[in-house]
Amino acid sequence: MDAYQVYIFISVLVLAIIAILSYFTSREKPKKGLSRLAALSFAFIIAGIIFGENRLVGYSLLGMGILLAMVDIYYKRTSR
């Protein structure tokens, strides 16, 4: 095995361990879905990554997604 194959194997192993641990620890907590604002910000961020070849469009979409995520966090903190 080459060195890069060892690194890939170790990273896959670590990711599998993290997935198993998160599965067992998340079974106790009730599942919450994304809010509408969080889903919209997620969509803007993904669109910014997809259309990242044009910097103006990509950065604008990423910025809008981050702004919406910050607004969602603010709304969730003030509603408590």
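A quick note: this is a predicted structure, and the numbers were derived from the prediction, not measured.

Quick notes on the rules
- Residues numbered from 1 in each chain as written.
- Predicted model: local features only at pLDDT ≥ 70, side-chain atom pairs only at ≥ 80, totals over all residues.
- Heavy atoms only, no water.
- Helix = DSSP H or I, 4+ residues; strand = E, 2+ residues; numbered from the N terminus.
- Buried < 20%, exposed > 50% of the residue type's maximum accessible area, 1.4 Å probe, protein only.
- Salt bridge = Lys/Arg side-chain N within 4 Å of Asp/Glu carboxyl O.
- Contact = heavy atoms within 4.5 Å.
- Phe/Tyr/Trp six-rings, centres within 6.5 Å; stacked < 30°, edge-to-face > 60°.

(A) The arrangement of the side chain of Ser41 in detail. Locating Ser41 in the fold gives a position in helix 2 (residues 36-50). Taking relative accessible area as the criterion, Ser41 reaches 4% and is therefore assigned buried.

(B) View of the pattern of salt bridges. Scanning the entire structure with this criterion turns up 1 salt bridge. Linking Asp72 and Lys76 is a salt bridge whose minimum nitrogen-to-oxygen distance equals 3.7 Å. Residue Asp72 and its partner Lys76 are both found in helix 3 (residues 55-78); the two are separated by 4 residues, about one turn of the helix.

(C) Structural detail: the side chain of Asp72. Residue classification places Asp72 among the buried positions, given a relative accessible area of 9%. Excluding its chain neighbours within four sequence positions, the residues that come into contact with Asp72 are Ser35, Leu37 and Ala38.

(D) Spotlight on the environment of Arg55. Tracing the backbone through its elements, the reader meets Arg55 in helix 3. By relative accessible area, which is 61% here, Arg55 ends up exposed. When the C-alpha positions of Arg55 and Ile45 are compared, they lie 13 Å apart, and in sequence the two are 10 residues distant.

(E) How the structure looks around the packing of aromatic side chains. Applying the stated criterion across every chain yields a total of 1 aromatic pair. Seen from their ring centres, Tyr74 and Tyr75 are 6.3 Å apart, and the 45 degrees between their planes marks the pair as tilted. Like Tyr75, Tyr74 is exposed.

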